[in-house]
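# Observations on the model geometry
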Amino acid sequence: MKHIEKRFDAIVVGAGPAGATAAYQLAKMGYKTLLLERGRTPGSKSMFGGRVYIRPLKDIYEDFEKKAPIHRWVKKERISLVYDESATTIEYTSNKTTSFTTYLTQLSHWMANQAVEQGAILLTEIRVDRLYKEDGRYRGVVVEDEVVKSDVVIDAEGINRLLLEREGIVEKLSPDHVALGVKEVIKLEPDTINNLFGLDNNEGLSWILMGDVTDGIPGGAFIYTNRDSVSLGIVVLLGEAARRIDRHIYILVEELRNHPLLYKYFKDGRIMEYSTHLIPEDPSRLMPKKLYYDGLMIVGDAAGLLLNQGYTYRGVDFAAYSGYIAAKAYEKAHGNGGASEENLKIYQKMLEESFVMKMLRKFSSVSRLMKKERLFSTYPQLINLLASKLMHIEYDSYKLKEAFDEARKGRVGLIHIIKDLWEVSRKL
Amino acid sequence: MTTETEVKKRKISRIEDILNNDVWDVDYEPHIIVDYSKCRECEWKPCIRLCPAECYTMVGGEVLFSYEGCLECGTCRVICPEKAVKWEYPKSGRGIHFRFS
Amino acid sequence: MPLKIIVGIKWVPNTTSVNIDPKTGTLIREGIPSVVNPHDLTAVEMALKLKDRYGGTVTAISMAPPSALAGLEHVIGMGVDRGILASDRAFAGADTLATSYVLSKVIEKIGEYDLIIMGHETIDSSTAHIGAQVASWLRLPYVYYAVDIEYNEQDRSIIVRRMLENAYETYKVYLPAVVSIAMHTYEPRRVKVSNKLRAKTEDVIQVWTSKDLDIDINCAGLRGSPTVVSAIDFVPKVPRKNLVFKERDPKKAAKWLIDQLIQEGLLEL
Ligand SMILES: Cc1cc2nc3c(=O)[nH]c(=O)nc-3n(C[C@H](O)[C@H](O)[C@H](O)COP(=O)(O)OP(=O)(O)OC[C@H]3O[C@@H](n4cnc5c(N)ncnc54)[C@H](O)[C@@H]3O)c2cc1C
Ligand SMILES: Cc1cc2nc3c(=O)[nH]c(=O)nc-3n(C[C@H](O)[C@H](O)[C@H](O)COP(=O)(O)OP(=O)(O)OC[C@H]3O[C@@H](n4cnc5c(N)ncnc54)[C@H](O)[C@@H]3O)c2cc1C
Ligand code: SF4
Ligand code: SF4
């Protein structure tokens, strides 16, 4: 094993939103920072759904909204319950906005560039093989037969976290704790997007679809409008999918693209990219017992820090903010004499006090709710039957109560509905 | 409005054609190795349906894996019930290169 | 005496991923990332093998826009000692003649060299002119399609094995010389973190403009390029048969394939 002479204050593994932001903040505070990314460029291995909440990022990056690669500001939100060829949709439009659409490939790249501008050294094409330990303390990383050393290591390797598994810090991922996302990015001219979705330039749409879109497997579908493309994809709980899926997963995405309700949007589009990634789904199970060790902090997806609110993900802002806090924590630890386990405890404490852990605790039961079958098949069906009774008028018309009873007949008991409604309203 | 005929015209693309839009710098050695002997014992073979890039196919009644089109999601590693999948990320920046995701 | 080697690398769009828009029939070039021409990585590997065996230095040169710095970083990551990027607006639009002219001027400026190694050809234009043309500008001997090089320190010569369709030719060439390497001869080695770090933190990459080189500006770039692409014809679509061999036995597969080719009249035994 060859030890490289140059030593760093911090080595950050992975230039996703978590790692790039940690490196940015560390370099900004003057620490000698090495950011390592296995991809050819930062962002070349990144994939996500499509929408980022901006508020936490504005705390970290100066002039974020002016400089970052923002495609469109989300001003229209739709949630649809799909059953067969119909959908019941809630649409919320507002001129105020707190989120934007983008490609994570671009945003990660941009964040890594900010880190470099602050003086961090970014090495791409470097796959870290192991964390390096000296006298029981994390003191660097191993790449092939070479060791690069540092005072502290920040693990931002994302959800697959091979390095943490190798250290025995986490167990092997269970399919029941993650979801699989598969998406197509479809090229459309900006004007076409504006016309199809009723948007102005720079205005974006976020559209979540539940129900008949995932072959009854818990999950859902998403549509996000980018500047000159639309991201369209599905998410399924991996454990359930592994047990139940009986067709190829890509067919689900293709059927969505060709769905009678959606076909009109995509018929003139061309697929620009097809991508896939795992998503942390159950933070309570995924989170390591602690996020700090002697010389090591764990941030972002690797730490399971993703908030699923049922109708939206907060992964990017959570990841970035955890990286930011880890950097701040290192500054404190450094002031107290170094990155010992005792001194890095502050990372977990700061995280607990931030919105990151507060929100994760608040929504801790959502992932269990998300496994409820009724939510994904029975209710979308029920609501659409109800709607069709009320809307599809030929001779007779239905009263609401009549339509409801008719729709519900033999499908689900009233007691269940009330119980589920109560559960949803409490957990979401 | 979407007309009836347009709906009939709608088509599911082949996975090969969809993947054709992606960019790889394929490594010369595989980053994933599958122990086929274990696949024979595996009844439900979830990788065949769940690998989004269809890297796992059935040929002549047996599982065949090819790493070239892998999108590096990790699904096969996580779902394989038989621990047949030895899984790493590619080295030296090789593998999938996402641009618009 | 250790070897001083120069390798030419070209920064090319990853043409393995260039697609055709099914609607318009035109190439989709949007967002195609660039890579080091894969056959040049083979050349770099050959150079590094020689350096491992005989000692010396390897310098990578490239004429390209500034984005090619990433390519030089990659080969330095593999173990190349330093990189020189010839980059100037005046170099844009060059054909092979103007490219080889600038490259030969770069090599002249480097001054001390024993061996110039090129890739076989590029994946984006495949002319394989550059090696021969650089050799002509510098009045050096040139061996094309080499698969192996041995160095003889005593008389400062190399023994080059060159691959033909059904034979090898072996040449003894006195240095300095230009050699291009047959594609796929060697697998390029991985980048190392120490080398990548060197590329980022030490001054191992230089950018030279036309001012740094002793060149006649009329021989560079578009002005120095006599080649005119007069038309591009598309190859007519050949109707294809789709036959699939469904078993797994490689021997049977080979036999089956040969039978098919004979049946189609494409092969005689
Ligand atoms: C389908 C899907 C939809 C999503 N939708 C949204 C959304 O709409 N909004 C939202 O906010 N979030 C969303 N997310 C979640 C969000 O993408 C993640 O939470 C976020 O990207 C996590 O950032 P990270 O930096 O922790 O990890 P990642 O983004 O995964 O980055 C990890 C980085 O580490 C690198 N790496 C890994 N191992 C190594 C190694 N050994 N050596 C060197 N480098 C390594 C990887 O190449 C990668 O660049 C979605 C996720 C998915 C999969
Ligand atoms: C079907 C077919 C048949 C052919 N038949 C023959 C034949 O019978 N006989 C024959 O001689 N040829 C033949 N050729 C051509 C030959 O194989 C090569 O394609 C050609 O000689 C290489 O030219 P090139 O433009 O690709 O390479 P070049 O572009 O000349 O590149 C060669 C090398 O020069 C260096 N280089 C190039 N550009 C730069 C740059 N900007 N900066 C630094 N270094 C650079 C690189 O090391 C590169 O690998 C044939 C080609 C084809 C496709
Ligand atoms: S799931 Fe695992 S054991 Fe089963 S067929 Fe796939 S790779 Fe083989
Ligand atoms: S990592 Fe993902 S894309 Fe690659 S082979 Fe496994 S399931 Fe398929």
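So, a few notes on the structure that sits alongside this text. Predicted, not measured: the structure shown is a model, and the values here were computed from it.

### Examining the interface of chain B and chain A
Contact residues are listed per partner, giving 44 residues for chain B and 60 residues for chain A. Looking at the side of chain B facing chain A, the largest losses of area belong to R77, F100 and S101 of chain B, adding up to 16% of the total buried there. Across the chain B-chain A interface, the total number found is 8 salt bridges. Put simply, E144 of chain A and K91 of chain B hold a salt bridge, and the shortest N to O gap is 3.5 Å. Taken together, the links from chain B to chain A amount to 36 residue pairs in polar contact (both at pLDDT 80 or more). Taken together, the elements giving at least two residues each to the side of chain B that touches chain A come down to α2 (15–19), α4 (46–50), α5 (75–79) and β6 (95–96) of chain B. Grouping the amino acids of the side of chain B that touches chain A by side-chain chemistry returns 20 nonpolar, 10 polar and 14 charged.

### Things to note about the interface of chain C and chain B
Listed as interface residues are 18 residues of chain C and, on the opposing side, 21 residues of chain B. The junction of chain C with chain B conceals about 1,500 Å² of combined surface from both sides, 46% of it contributed by carbon and sulfur atoms. For the pair chain C and chain B, the number of links is 2 salt bridges. Note that R190 of chain C is salt-bridged to D27 of chain B, the shortest N-O span being 2.9 Å. Put simply, chain C and chain B have 7 residue pairs in polar contact (both at pLDDT 80 or more) between them. When grouped by side-chain class, the residues that make up the side of chain C that touches chain B number 6 nonpolar, 6 polar and 6 charged.

### Details of the pattern of salt bridges
In total, this model carries 61 salt bridges over all chains according to the counting rule given. A salt bridge links E30 of chain C to K187 of chain A; the nearest nitrogen and oxygen atoms lie 3.4 Å apart. In this pair, E30 of chain C sits in the loop between β4 (27–28) and β5 (34–36) while K187 of chain A sits in strand β11 (residues 178–187), so the two residues belong to two different chains. According to the relative accessible area criterion, E30 of chain C is partly exposed, its value standing at 32%. In this structure, K4 of chain C and E112 of chain C form a salt bridge, with 3.7 Å as the shortest nitrogen-oxygen distance. With a gap of 108 residues between them, K4 of chain C in strand β1 (residues 3–8) and E112 of chain C in the loop between α3 (96–110) and β8 (115–118) connect regions that are remote in the sequence. E112 of chain C sits in the exposed class, given a relative accessible area of 55%. Among the charged side chains, a salt-bridge network with shared partners connects R40 and E125 of chain A, D25 and R94 of chain B together with K196 of chain C.

The rules behind these values
- In this convention, every chain numbers its residues from 1, walking through the sequence in written order.
- Chains carry letters from A onward and ligands carry numbers from 1 onward, assigned in written order.
- Totals for whole chains, interfaces and linings use every residue, but because this is a predicted model, local features are given only for residues with pLDDT of at least 70 and side-chain atom pairs only at 80 or more, for both listing and counting.
- By convention in this description, side-chain values take in all heavy atoms of the structure and omit both hydrogens and water.
- Here a residue-residue contact requires only that any non-hydrogen atoms of the pair lie within 4.5 Å.
- Each of two parts loses accessible area, computed with a 1.4 Å probe, when they are put together; buried area is these two losses added.
- We define a salt bridge as a side-chain nitrogen of Lys or Arg found within 4 Å of a carboxyl oxygen belonging to Asp or Glu.
- Think of a polar contact as two N or O atoms within 3.5 Å of one another; within protein, one of them needs to be a possible hydrogen donor and the other a possible acceptor, and neighboring residues in sequence only count if both atoms come from side chains.
- Counting from the N terminus, the helices are DSSP H or I runs at least four residues long and the strands are E runs at least two residues long.
- Amino acids are sorted into nonpolar (Ala, Val, Leu, Ile, Met, Phe, Trp, Tyr, Cys and Pro), charged (Asp, Glu, Lys and Arg) and polar (every other residue, Gly among them).
- Three labels apply to residues, based on accessible area from a 1.4 Å probe with only protein chains included: buried if under 20% of the type maximum, exposed if over 50%, partly exposed otherwise in between.

Note that all results are geometric; they support no functional claim without further evidence.
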